[in-house]
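Chains, contacts and geometry: an overview
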Amino acid sequence: MSADLEGFNDFAAARGAQLFRMAYLLAGDRHGAEDLTQTTLGKLYAAWSKVSRADNPVAYSRTVMVRTYVDSQRKIRLERPTSEVPDGGRYGEDTALRLTLFAALAELSGRDRAIVVLRYWEDHSVEDTANILGVSPGAVRTRSQRALLKLRARLGTDLSELSGR
């Protein structure tokens, strides 16, 4: 096995679960997340000689994933996610809250969802999010503010009401 292939295999083994979690947050369902993760890993493999020379291959992989997701949202899709609970997941005590949050995220546009996931789940700065998405920091601030307003309108502000407690 070549050194390049071994390097890619090591990267995929070490970061595959993290990429899948991010893909799940973006796609909103297990099957979409699997497809997005597989597409991202395929693109990374095809460009591995370039990726392995990057300063931060993890950041590079996130950028590839988010751009792949945003590109897929631009296309007309005949399939729509259903309201069924994703299979095979592990959930804690906050299952109702998670499902409510996933449903609310699904109502956002693809780019707005990507911004919310990067900023608030992945905890990236405005500048990092802008670089990943290829937009200006001002666009990230504006879109994240609008997306949060939509989420608050959909979810309300009372955590006990959201979680059913």
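This text goes with the structure placed above it.
Since we're looking at a predicted model, the values are computed, not measured.

On to the overall build of the protein chain, then. The secondary structure content of the protein chain amounts to 9 helices and 0 strands. Beginning at the N terminus, the succession of helices and strands in the protein chain can be written as α-α-α-α-α-α-α-α-α. Counting across all 165 residues of the protein chain, residues that qualify as buried make up 35%. Summing over all exposed atoms, the protein chain offers an accessible surface of approximately 10,100 Å²; the carbon and sulfur share of this is 49%.

Here we take up helix 4 (residues 57-74). With 18 residues, helix 4 should cover 26 Å at 1.5 Å per step; its first-to-last C-alpha distance of 26 Å lies within 8% of that length. V58, S61, R62, T63, V64, M65, V66, T68, Y69 and V70 are the residues of helix 4 that are buried.

At their nearest, the axes of helix 4 and helix 7 (residues 126-133) sit 8 Å apart, and the two run at 60° to each other. The pairing of helix 4 with helix 7 is recorded here as oblique in orientation. In contact with R62, T63, V66, R67 and V70 of helix 4, helix 7 contributes N131, I132 and L133. A per-class count over the contact of helix 4 with helix 7 returns 4 nonpolar, 2 polar and 2 charged.

Right, let's get into the pattern of salt bridges. Taken as a whole, this structure holds 5 salt bridges when the rule is applied. E34 is the partner of R30 in a salt bridge, and the nearest nitrogen-oxygen pair spans 3.3 Å. Note that R30 and E34 are positioned in helix 2 (residues 30-46) at a spacing of 4 residues, about one turn of the helix. Linking D112 and R143 is a salt bridge whose minimum nitrogen-to-oxygen distance equals 2.7 Å. Pair noted here: D112 is in helix 6 (residues 110-121) and R143 is in helix 8 (residues 137-155), with a separation of 31 residues, a long-range link. In this structure, a network of salt bridges that share partners links the residues D112, R143 and K150.

Thresholds applied
Residues numbered from 1 in each chain as written. Predicted model: local features only at pLDDT ≥ 70, side-chain atom pairs only at ≥ 80, totals over all residues. Heavy atoms only, no water. Helix = DSSP H or I, 4+ residues; strand = E, 2+ residues; numbered from the N terminus. Buried < 20%, exposed > 50% of the residue type's maximum accessible area, 1.4 Å probe, protein only. Areas by Shrake-Rupley, 256 points an atom, 1.4 Å probe, with all protein chains shown as cover. Expected span 1.5 Å × (residues − 1). Axes fitted to C-alpha atoms, helices over the stretch in contact; angles between N-to-C directions. Parallel < 35°, antiparallel > 145°, perpendicular 65-115°, else oblique. Contact = heavy atoms within 4.5 Å. Nonpolar A, V, L, I, M, F, W, Y, C, P; charged D, E, K, R; others polar. Salt bridge = Lys/Arg side-chain N within 4 Å of Asp/Glu carboxyl O.

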